[in-house]
Amino acid sequence: MLRFYVLVSLCAFIGHRAHGEEWCLGGCGHCHNVTTSDLFVEFSTDTIPGEFIVSFKGYYRLRVLHQYVQHRLISAGISDWEFGERSALVAQHPTDFAVVKINGSCEPAIAAVQGHRLVKSAVSEKKITRTLSSVSPAAAGDADPWRTRWMSRQPRHVNKPNEPRPRNSGPNRRLNVALPPRQQITNALHAEELWAKGLSGAGVRVAVFDTGLAESHPHFQHIRDRTNWTSEQTLDDGVGHGTFVAGVISSSRECFGFAQNADLYIFRVFTNNQVSYTSWFLDAFNYAILKKIHVLNLSIGGPDFMDQPFVDKVWELTANNVILVSAIGNDGPLYGTLNNPADQMDVIGVGGLTQDGSIAKFSSRGMTTWELPAGYGRVKPDIVTYGTEVRGSNLKGGCRSLSGTSVASPVVAGAVTLLASAVVDQPGILNPASMKQAIMSTASRVADANLFEQGAGKLDLWKAYQFLIKYKPHISLSPSYVDQTECPYMWPFCSQPLYVGAQPMTVNVTVLNGMAVSGRFLGQPRWHPLSLANGDLIKVSLDWAPVLWPWAGYLAVSIAARPEAANFEGTAEGYVVVTVISDTVESTGGSMISNATLPIKVRLIPTPPRHKRLLWDQYHNLGYPPGYFPRDNLRMKTDPLDWNGDHIHTNFRPLYEHLRTNGYYIEVLGAPFTCFDASQYGALMIVDPEEEFFQEEIAKLRNDVQHNGLSLMVLADWYNTSVMRRIQFFDENTKQWWIPDTGGSNIPALNRLLQPWSLAFGDTVWEGDFTVGHHSTYLASGTSFVSVPDQALVLSARMKNQGEEVLAGTAAVHNDVPILALLPRVDSLSSSGRIAAYTDSNCVDGSHMQKDCFWLIDHLLRFLISGTVPPEMQTKPSFGMVLPTPPALDSLAGRFSQFSKVLSKVDQQPLPIPACRNLTWATAHSVNHTLPILPPLPEDNPITDVDDVKKHRHHTEEIFQPPEPHIPPQSIDEFASQPIAVHQPPLAAVSLALIAFILFIFVVARWCCSAPTSRNIPRNPALGQPRRRSGSSA
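In this text the structure is predicted, and so the values were computed from the model without any measurement.

Visitor: Outline the packing of helix 8 (residues 405-420) against helix 11 (residues 461-469), supporting the account with residue identities and numerical values.
Guide: Contact geometry of helix 8 with helix 11 gives a least axis separation of 10 Å together with a crossing angle of 35 degrees. Between helix 8 and helix 11 lies a crossing of right-handed hand. Between helix 8 and helix 11, the contacting residues are Ala415, Leu418 and Leu419 on the first element and Leu461, Ala464, Tyr465 and Leu468 on the second. Here the residues of the contact of helix 8 with helix 11 are counted per class, giving seven nonpolar, no polar and no charged.

Visitor: Can you break down the environment of Ser745 residue by residue, with the values?
Guide: Tracing the sequence through the fold places Ser745 in the loop between strand 35 (736-738) and helix 15 (747-754). Residues Ser745 and Trp718 lie 27 residues apart in sequence; the distance between their C-alpha atoms is 6.1 Å. In this view, Ser745 contacts Asp688, Pro689, Ala716, Asp717, Trp718 and Tyr719; residues no more than four positions away in its chain are not counted. Within polar-contact distance, the side chain of Ser745 engages the side chain of Asp688 at 2.8 Å.

Visitor: Describe unusual backbone geometry, listing the residues and the values that go with them.
Guide: Of the consecutive residues Ser478 and Pro479, the connecting peptide bond is found in the cis state with omega at 0 degrees. You can see Pro479 is positioned in the loop between strand 21 (475-478) and strand 22 (482-483). Here Trp491 and Pro492 are connected by a cis peptide whose omega angle stands at 5 degrees. Take Pro492: it is sitting in the loop between strand 22 and strand 23 (505-513). Residue Glu254 is not a glycine yet carries a positive backbone phi of 60 degrees. In this fold, Glu254 is placed in the loop between helix 5 (241-250) and strand 13 (263-268). When its relative accessible area of 41% is taken as the criterion, Glu254 is described as partly exposed. Positive phi outside glycine occurs at Ser781, with the angle close to 55 degrees. A relative accessible area of 0% places Ser781 in the buried class.

Visitor: Tell me about the side chain of Asn513, residues and numbers included.
Guide: With respect to the element layout, Asn513 can be found in strand 23. Separated by 3.2 Å, the side chain of Asn513 and the backbone oxygen of Ala516 make a polar contact. Of the polar contacts made by the side chain of Asn513, one reaches the side chain of Ser582; its length is 2.7 Å.

Visitor: Residue-level account of the pattern of salt bridges, with values.
Guide: It is possible for side chains bearing opposite charge to pair when their charged atoms get close. Going through the model one piece at a time under the given rule, you end up with 18 salt bridges. As a salt-bridge pair, Arg378 and Glu371 come within 2.9 Å of each other at their nearest N and O atoms. With a shortest N-O distance of 2.6 Å, Asp382 and Lys380 are connected by a salt bridge. Since its relative accessible area comes to 3%, Asp382 is described here as buried. Residue Lys380 is classed as buried on the basis of its relative accessible area, which comes to 1%. Here the salt bridges do not stand alone but share partners, grouping Asp96, Lys313 and Glu316 into one network.

Conventions and cut-offs
Residues numbered from 1 in each chain as written. Predicted model: local features only at pLDDT ≥ 70, side-chain atom pairs only at ≥ 80, totals over all residues. Heavy atoms only, no water. Axes fitted to C-alpha atoms, helices over the stretch in contact; angles between N-to-C directions. Helix = DSSP H or I, 4+ residues; strand = E, 2+ residues; numbered from the N terminus. Left-handed = near helix turned anticlockwise from the far one by under 90°. Contact = heavy atoms within 4.5 Å. Nonpolar A, V, L, I, M, F, W, Y, C, P; charged D, E, K, R; others polar. Polar contact = N/O pair within 3.5 Å; in protein donor to acceptor, adjacent residues only side chain to side chain. Buried < 20%, exposed > 50% of the residue type's maximum accessible area, 1.4 Å probe, protein only. Salt bridge = Lys/Arg side-chain N within 4 Å of Asp/Glu carboxyl O.

The structure is reproduced here in structure tokens:
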């Protein structure tokens, strides 16, 4: 698997003068008289052949691990190998992995060492590269622009100030020219208010993983440790980025940092050539754990959330109480572009703001794509702060300004370090979860931005400080509520109401556990519909993590309308209560419990007519990771991977908004075709699929179209095995190629699906502009038809053979290339559906969209629903050539089955189709006006709807914050056996309360009886009745 470790900053790490003048790679002595349009920034990760990392289940001396590995390799008869070189620091401390170099294939050696009972995994070593190039590919003599020379030949777009960013979103980054700064970043966040309290970061150990720092730099007072984990023999920063990041956190001169007295631990993990290795990071992470680091800033990231050694080590860091702050990425404004590790639940993922407080265009957006295609992503980023034109320390002294989320990340890291110094000496308070709760619970909302853009909102340093100094360990939820009436913040949940028969709306809630690194749900989460607010008209299904570790877990909440709501229009409300129990780390032992409430408010409407309901096929989309699934637009050579999740709420978001604006309701299917009722939907949309189809799916779809009136829209993409070989990754260090696992779409699978209607796509790659009526669009790297039935209406256009251009360098232009097919009712039965198929999906995909074709989608839907055909499309097919049928997918590479849900990894044969998932609906515990499991409210503030719940919940967390009950270990089981909402008071307390009540009645009665009967009682003029004084009898 490829992993892109990116120093996520839009501004290059260089000193510069005005546009068109001399640009210098800071500190490296390489200057070029070039214009900004000649500058390119490249990032990559390459697997190193013959080198792999063996991870162990525990920590041992390095020589012990070497003995384990050596014994396994010798026993397997493997020779001609050696151990990889490691930093001298590794020999002084225990470690949990070894690096092995071998001549030849790694597979036998990996199989041999994995047989040891102490070995956790064995995976390939990775080389991480970030480079700044000033020579264009043409000037460098790159004869083949279609092959991706990922190490040093990829062009990058360089934007002038305020120039719009090109619409691509891969793991590549661009270079921006920073504008003059407006103010110190510490002033913008009012750090002086905390400085006035005597806080300065003292006592907090903060780590900077970057390009190093000079010991003699005048801006820093407390550099406690500098370590070098690279192959270069220096501790100093030769690039400037590490100096800048450290300055934002802790500079004490000129451009001030937040925590000037914090103890700085500098980890040099990138060389001056901006190269690193996974093993360097793992060693450095281990050393950070050893040094008991409190806060760690990581201004890198990439889309590979399946790089298991790296992800595992991040979990281990936070489990050891390291607060990890990481940049969310610079791939906005596209959605689904989050970088790892910032997208992990236990990490503080930071997005960027402009100086006027709006979401920066470059800042990556959620949702997370770990959970796709079957589930729904989590909310990220966690927090946003200023990331444009931020001042920080320059390489040799003085200040400069940079922009990007790798700038916003140290802003939050510096603020977190300053906050941590307020509670660093208080046991049980400072941990990754409590710090996330502090900054997220007090964040201020960014106007006109949704939760996938801003997370909890803008960092408020002063409120976070007030929260933290009063902190009592508890759990919290993100998002903290679900409200479909609150747009735009609750997008996409607020963008479409619920109705009977719709696919459930799923919200993936993160549970933060500030009590301990590990916890579990106590009993089942409970669903409480509010009867007075129509809560009985909705049902909820709950799924949760068996263990909350480290510091967090998930709660999946699926919401649907009950049949009784078929004709209802309005809102329905309720809340979910979760209780978590955690073992404390205190020497006294014992456990703590805490509960949290998730208010839910949804909009209900009568079920829309069938022709307005569309079903989106999510199940058959695949992306990077885990495999190399290439881009859909071959012109976008700087963005080789299809890594945005292919979801209607991520890269297809513009299409979703267009359809909703036009009155359609779009539901998402994350299961096989056998799991939906075709009678509910007007059309099924299959867009850019990469996955295979089960035979049962093919049979059901044929029946649904022919007999159940379901219409079908298919948007395909390019597929050509020769082109796939041409665009493979080239590693200039090893001279090896990475072969794609499929084309833009899985055309062979689509052809098998459409075979019952004699409809088939070819494997020629086309591109070109075409016009239909007054509309025009661009077909970017699409396919064409090789077979259509006689009754089909076909649109043909003049196209260029892009495949020839990729393979031979020249491209012929052909007339009458069939690119659109409309199939009227597939038989004479009035109950049959229609089919519309188009040969490209780029015009609806926000990743590389050059010109949208939403007008075309409108035409296709009008045809599918009513049979209306635009006059311009009423033509018969005209084939000017015979086009070949594409071969089976696995003729190129057998790796596809390793990522498929349909094919066996062993023999590439179809697997049994999985059973449809039937949600288990939670038992409803209806309530009218109270929340028995929460601390009591003032008597004049009853809870009657979700807004009251939200206010009460906020009030409870920030003002009341009652201490959680401490339960001895022997009483946990007894407590767990009781209903959550029941609290049994002691018998003595009941007796005292009863005695007090009797005395109160006696006193009142004596007072009433002794009072004069002719008391002056004022009347209520509005009611004409006496208005009694306080204390008077009724």
